Amino acid sequence: MLYRSFVYLMGMFVNFFGVALLINATLGAGFWTSFFIGVTDHLGYTVGFWYGTFQLIIIFVNAVLMKQKPEARAAIPVLLESLILDFWLILVFSHVDLSSASYIIQVSALLTGVAIIGLGVALYILPQFPRAPVDQLFLAVSARFNLSIQAGQTVVAMIMTTLALIVGGPVGLGTIAPMLFLGPVIQFCYTRAYPLYYKLHPQGSTVYQEAI
């Protein structure tokens, strides 16, 4: 349990470090955070607050897609991720400003952020703990419509990018890049981290053998 919890939390922190880096590249935010930033600009509060609020709604959307009861345990990662997101944005990156940096540095920060986000998501879905509704959403879409993880992520990304445009969120290269590349990055990281995770977690070796 300690090992699984460590990987779970590490994945969350890695994920939102990438999110904060992507935002601070100032070339547009990721498709989810662009939407939440747009809502924050209109209604106030923090990005983490709206991230958590809308995820509570998505819990019910996921339940409909999966034809299951709403997963009450999903409220746990909602709270954790909302706090971690505000931790990176408000405490760590509050004085970081890449708006005057060269375009090469901004693009490098953007692409690095996408890679880190993909790694973080892949890590924290490995322990099979309750997933944040936004991450469960692309898995639910994939399962419901018989799509790969990559395709499910891309569908969700396109929908959220459209909503971000509607609310005036910072849509730009930083939004398009995750929409195009985040799905493949998650798929790449997950397929390589999966056997390593169970190699280091012998108790899950039976599950691993069944999965492969």
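Computed from a prediction, not measured in an experiment: that's the story for all the values here.

Visitor: Give me the lowdown on empty space enclosed by the protein, citing residues and values where you can.
Guide: For the coordinates displayed, the defined rule picks out one cavity of 30 Å³ or more. Volume-wise, the largest cavity comes out at about 250 Å³. Forming the boundary of the largest cavity are 18 residues, of which Asn15, Val19, Trp32, Ile117 and Leu182 lie nearest the centre. The set of elements that each furnish at least two residues to the lining of the largest cavity consists of α1 (2-24), α2 (31-43), α5 (103-125), α6 (133-144) and α8 (173-199). Top contributing element to the lining of the largest cavity by residue count: α1, with four residues. Taken together, the residues of the lining of the largest cavity break down into 13 nonpolar, four polar and one charged.

Visitor: Any chance you could break down the environment of Thr154 for me, citing the residues and the numbers?
Guide: Summarising the element assignment, Thr154 is placed in helix α7 (residues 149-166). For Thr154, a relative accessible area of 25% puts it in the partly exposed group. Along the sequence, Thr154 and Pro77 sit 77 residues apart, while their C-alpha atoms lie 22 Å from each other.

Visitor: Kindly report on a nonpolar patch on the surface, identifying the contributing residues and their values.
Guide: A grouping of Leu9, Phe13, Phe87, Ile90, Leu91 and Val92 is seen on the molecular surface, where their side chains present a nonpolar patch of about 510 Å² in accessible area. Looking at the nonpolar patch, the elements with two or more residues in it are α1 and α4 (75-92). Within the element layout of this structure, Val92 appears in helix α4.

Visitor: Mind laying out unusual backbone geometry, listing which residues take part and the relevant values?
Guide: With a phi close to 60°, Thr26 is a non-glycine residue in the positive phi region. Tracing the backbone through its elements, the reader meets Thr26 in the loop between α1 and α2. Using a relative accessible area of 37% as the deciding quantity, one classes Thr26 as partly exposed. Of note in the backbone geometry, Tyr45 takes a positive phi value of approximately 65° without being a glycine. Mapping Tyr45 onto the fold places it in the loop between α2 and α3 (47-66).

Visitor: Any details on the side chain of Ser82? Residues and values, ideally.
Guide: With respect to the secondary-structure elements, Ser82 resides in helix α4. Not counting chain neighbours up to four residues away, the residues in contact with Ser82 comprise Gly48, Tyr51 and Gly52.

Visitor: Tell me what's going on with α2, and back it up with residues and numbers.
Guide: Relative to the 18 Å expected for 13 residues at 1.5 Å per residue, α2 spans 19 Å between its end C-alpha atoms, a close match to the ideal helical length. Among the 13 residues of α2, 10 are classified as buried, and the element is accordingly described as predominantly covered. Every buried residue belonging to α2 is among Phe31, Trp32, Thr33, Ser34, Phe35, Phe36, Ile37, Gly38, Val39 and Thr40, and all of these are buried. In this structure, the buried residues of α2 make contact with α1, α3, α6, α7 and α8.

Rules behind the numbers
Each chain carries its own residue numbering, running from 1 in the written order of its sequence. Since the coordinates come from a predicted model, pLDDT governs what is reported: local features require at least 70, and pairs of side-chain atoms require 80 or more to be given and counted, while whole-chain, interface and lining totals use all residues. Hydrogens and water are ignored here; the side-chain numbers use all heavy atoms of the structure. Put simply, the grid is 1 Å and covers the protein atoms alone, a cavity is a trapped set of points that fit a 1.4 Å probe, a pocket is an open set with protein on both sides within 12 Å along at least five of seven lines, and lining residues have an atom within 4 Å of a point. Grid points are joined across faces, edges and corners, and a volume is the space filled by probe spheres set on the points. Strands are runs of DSSP state E lasting at least two residues, helices are runs of H or I lasting at least four, and both sets are numbered from the N terminus onward. Under the scheme applied here, ten amino acids are nonpolar (Ala, Val, Leu, Ile, Met, Phe, Trp, Tyr, Cys and Pro), four are charged (Asp, Glu, Lys and Arg), and all others, including Gly, are polar. Throughout this description, buried means an accessible area under 20% of the type-specific maximum (1.4 Å probe, protein chains only), exposed means over 50%, and partly exposed covers the range between. Patch criteria: residues need more than 30% relative accessible area and no salt bridge. Like-charged residues are merged within 9 Å; nonpolar side chains of Val, Leu, Ile, Met, Phe, Trp and Tyr are merged within 5 Å. Each accessible area value is a Shrake-Rupley result obtained with a 1.4 Å probe; residue values ignore everything except the protein chains displayed when judging cover. What makes a salt bridge here is a side-chain nitrogen of Lys or Arg within 4 Å of a carboxyl oxygen of Asp or Glu, nothing more. Here, residues are in contact when the closest pair of their heavy atoms is within 4.5 Å. What a helix should span is 1.5 Å times the count of its residues minus one.

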